[in-house]
Amino acid sequence: MEPFIRVVLLLLFVTSRHSLCERISYDGDIVITIDALEGDERLGTVLDIFNKHIPLQEQDVWKEPSTTQPGFFRLPLKYKTDVLNSLDSAGIAYSVKIEDIGRLIRKAEEENEAIKAQRNGISRNIVGTFPRLDEVIEWMNNISIQYPELASTFSIGNTAFGRPQQVLKLGLNGGNKWRVWVDAAMHAREWLSPTTAIYITDQLIQGYANGDPEIINFLTVLDFHILIISNPDGYEYTHTDDRLWRKNRRPTTDTCTGVDLNRNFAFQWGGS
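Residues numbered from 1 in each chain as written. Predicted model: local features only at pLDDT ≥ 70, side-chain atom pairs only at ≥ 80, totals over all residues. Heavy atoms only, no water.

1. Focus on the layout of surface pockets
Phase 1: Of the volumes computed, that of the largest pocket is approximately 920 Å³.
Phase 2: Forming the boundary of the largest pocket are 26 residues, of which Leu56, Gln57, Gln59, Asp60 and Lys247 lie nearest the centre.
Phase 3: Secondary structure elements with two or more residues in the lining of the largest pocket: helix H2 (40-53), strand S2 (60-63) and strand S3 (71-75).
Phase 4: The biggest single contributor to the lining of the largest pocket is H2, with three residues.
Phase 5: Among the residues forming the lining of the largest pocket, the class breakdown is ten nonpolar, six polar and ten charged. (1 Å grid on protein atoms, 1.4 Å probe; cavity = no way out; pocket = protein on both sides within 12 Å on 5 of 7 lines; lining within 4 Å. Points joined across faces, edges and corners; volume = space filled by probe spheres on them. Helix = DSSP H or I, 4+ residues; strand = E, 2+ residues; numbered from the N terminus. Nonpolar A, V, L, I, M, F, W, Y, C, P; charged D, E, K, R; others polar.)

2. Thoughts on empty space enclosed by the protein
Phase 1: For the structure shown, the criterion picks out two cavities of 30 Å³ or more.
Phase 2: Its volume calculated, the largest cavity comes out at about 40 Å³.
Phase 3: Lining the largest cavity, in full, are Leu133, Val136, Ile137, Met140, Pro164, Gln165, Gln166, Ile228, Ile229 and Pro232.
Phase 4: Elements with a contribution of two residues or more to the lining of the largest cavity: helix H5 (133-146) and strand S6 (164-170).

3. Details of the pairing of strand S8 (residues 222-227)
Phase 1: Extensive coverage of S8 is indicated by the burial of five of its six residues.
Phase 2: Where S6 lies against S8, three bridges are found, and the strand directions are antiparallel. Residue pairing across strands places Leu168 opposite Ile226, the latter belonging to S8.
Phase 3: With six bridges joining them, strand S7 (residues 178-183) and S8 adopt parallel strand pairing. Within S8, the position partnered with Val182 by the bridge is Ile226. (Buried < 20%, exposed > 50% of the residue type's maximum accessible area, 1.4 Å probe, protein only. Pairing = 2+ DSSP bridges.)

4. Thoughts on the sheet that holds strand S4 (residues 94-98)
Two pairing modes exist for strands in a sheet, parallel and antiparallel, and in both the strands are linked by backbone hydrogen bonds.
Phase 1: Pairing is antiparallel in the open sheet, where four strands are placed in the order S2-S3-S1-S4. Two strands lie at the open edges of the sheet, namely S2 and S4, each paired on one side alone. When strand polarity is set aside, the average angle formed by the axes of neighbouring strands in this sheet is 30 degrees.
Phase 2: The strands that helix H3 (residues 77-89) touches are strand S1 (30-34), S3 and S4; relative to S1, the one it contacts most, it runs at about 20 degrees. (Axes fitted to C-alpha atoms, helices over the stretch in contact; angles between N-to-C directions. Contact = heavy atoms within 4.5 Å.)

5. A closer look at the confidence of the model for the chain
Phase 1: Of the residues in the chain, 88% reach a pLDDT of 70 or more, and the chain-wide mean stands at 87.
Phase 2: The element-level mean pLDDT for the chain is lowest in helix H1 (residues 3-11), coming to 51, with S8 highest at 98.
Phase 3: In this model, residues 13-21 is a region of pLDDT below 50 whose contacts with residues beyond four sequence positions or in other chains number 35 contacts. (pLDDT = per-residue confidence, 0-100.)

6. Some thoughts on unusual backbone geometry
Phase 1: We note that Ala185 has phi near 60 degrees; this positive angle belongs to a residue other than glycine.
Phase 2: Here Ala185 shows up in the loop between S7 and helix H6 (192-209).
Phase 3: On the basis of relative accessibility, which here comes to 1%, the residue Ala185 falls in the buried class.

In structure tokens, the structure reads:
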């Protein structure tokens, strides 16, 4: 299996709590890659083609191409033919990386079921999985109960839908120490992000439990603050309604929902 496809399988991992018929369908959608472009004019041509054929609210640029880097685009089924024909006419080289996103989602769901079967339904073992928010919170609470001298949890607030933004703190001996901040799932659909944060957390926990001197030194001189699910509303929405939803779920206007959280920090935004 190609590395790109392997990564996307993880990104599109779907749980089985909700049937696919309840979710937005991506059957027939494709992902294309466009090679690095020579000059800004060629980039403008590509963007003009997308703007011509795909409404702005339905465009999904996974990575914008540049003069040095390729770009990745999702093409909805109903616009696919027009976009590809226009790219051909403009002499823009492209290749299809994923031929059917919906099929890939279903394949990932089957793999999820296999993982669950291997673990014999032990829901608390979330390391190496793509868990739901309630499972993450339960897991963090269990860690704080099992290792009270090391771990504690606290909330930094609730979302627009009342879900907690729960932080796990890991550290020994108290005192005024340097702090390491880890956040994940800022973009709801990027499920590899919280899985990575869970893995980092587990490595610290297991290292402490097994007496690893390097890990114990880290935990002695540093405090780790880990926000595994930064975007709880959006993350849950990817499980229940739209696997590729990116933003949070806060209504912004009568017709628009959600903002990209990483672009809304009140710290030197737009500065130089």
